[in-house]
Amino acid sequence: MDRHSTLAHSAYHDLLRSLKSERAAISGSPSREQRGERAYWYETIRIGTTVRRRYIGEDTPELAADLARRAELTADAKARAAHRTRLVRLLRGEDFLALDGATGSLLKAMADAGVFRLGGTIVGTHAFRLYEGELGVRYGLEQMVQTGDLDIAQFERLSLALGDKVEERLADTFRNLDFTPVPAMGTGVWRWKQTRSDTLVEFLTPSFRPEEDIRPLPALGVSAQSLHFMNYLIAEPVKAAALYRSGVLVQVPRPERFAIHKLIVADRRQGGPDAIKAVKDRAQAAFLIGVLAEDRPDELREAYEDALARGPQWRARIARSLARMPQTEARLAALE
């Protein structure tokens, strides 16, 4: 296993911590709201006679501490941005995977609009690429990290519950970046394609019903393709730092959930181009399971057991993928 240096790994987490602190550099008044077992922070902003509540994030000790020193963070924003730019430059020098200009500008525009603040989670290969910093490992196979698609998932019920929405309509954001909607008969738009490239942006959401239909995501102002098994993938996501300019704070699934979910997705793909994608799914799963079995065996075992406990369809799909992956199957069996 090829790992990044301790310096590079520390620099990545320094970058991530600084980006997370930016959430607390607010101009309004913060308030904490308890909902069941969880609590959430909102910012109240007054513009003339209009009052707006803006969602900041789920309550954590880290976020609460940052909000307590929000005046300091706001005053020091320019210096911290310059420091982050230096960290991004250092990480590129350490051969971290950087974003190309088109993908970087797309992620930054979506972050500025509030997509990731409002629970949007990057799934697919772009999420896999971002685990390089989280896990401190280098990727060896180029085909594992190549993609022209950006998939964003969000829970429909979270989108309804937040009571906030993106700063700018995503349709306008995409139009400014030369994306056009891919129409779907009788449904809302959930896909956009860039006119000057093959880049495709898709929105997804978990399906909790027999069908996999198109559902609205009010907070993001788009529709989404609902998919089975997606609820497992995007539960309890984590923050990640994308290497573009002074860094972009995004959200990705937990790597152990991503790895197990890839086993399921690979089995769902049948024939044609999907067969090629299934090979990539299994390669990504094998790589992550190899790393996690060594570095985070408890988290991996918990994610694996969680998926197996969800029913016979889950177990069957995982088993069929693992039948093609004897080494990965042995690593998972050794966790028990």
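Rules and cut-offs
Residues numbered from 1 in each chain as written. Predicted model: local features only at pLDDT ≥ 70, side-chain atom pairs only at ≥ 80, totals over all residues. Heavy atoms only, no water. Buried < 20%, exposed > 50% of the residue type's maximum accessible area, 1.4 Å probe, protein only. Helix = DSSP H or I, 4+ residues; strand = E, 2+ residues; numbered from the N terminus. Pairing = 2+ DSSP bridges. 1 Å grid on protein atoms, 1.4 Å probe; cavity = no way out; pocket = protein on both sides within 12 Å on 5 of 7 lines; lining within 4 Å. Points joined across faces, edges and corners; volume = space filled by probe spheres on them. Nonpolar A, V, L, I, M, F, W, Y, C, P; charged D, E, K, R; others polar.

## Describing the pairing of strand β11 (residues 238-242)
Consideration 1: The buried fraction of β11 amounts to five of the five residues, a majority that puts the element mostly inside the structure.
Consideration 2: Side-chain alternation along β11 places V238, A240 and A242 on one buried face and K239 and A241 on a second face that is also buried.
Consideration 3: Here five bridges tie β11 to strand β12 (residues 248-252), and the two strands are oriented antiparallel to one another. The residue bridging A240 from the neighbouring strand is V250, located in β12.
Consideration 4: The antiparallel hairpin formed by β11 and β12 contains five residues in its connecting segment, where R245 sits at a positive phi of about 55°.

## Observations concerning empty space enclosed by the protein
Consideration 1: Within this structure, the stated rule accounts for two cavities of 30 Å³ or more.
Consideration 2: Size it by volume and the largest cavity reaches roughly 140 Å³.
Consideration 3: Residue lining of the largest cavity: 14 residues in total, with L97, R129, L130, A241 and A242 positioned closest to the centre.
Consideration 4: Those elements that provide at least two residues to the lining of the largest cavity are α6 (125-135) and β11.
Consideration 5: By residue number, the principal contributor to the lining of the largest cavity is α6, which donates five residues.
Consideration 6: Here the residues of the lining of the largest cavity sort into 10 nonpolar, two polar and two charged.
Consideration 7: Size it by volume and the second largest cavity reaches roughly 40 Å³.
Consideration 8: What lines the second largest cavity is simply A102, T103, S105, L106, L177, F179, Q194 and T199.
Consideration 9: Per-element tally for the lining of the second largest cavity: the top contributor is helix α5 (residues 101-113), with four residues.
Consideration 10: In the lining of the second largest cavity, the residues fall into four nonpolar, four polar and no charged.

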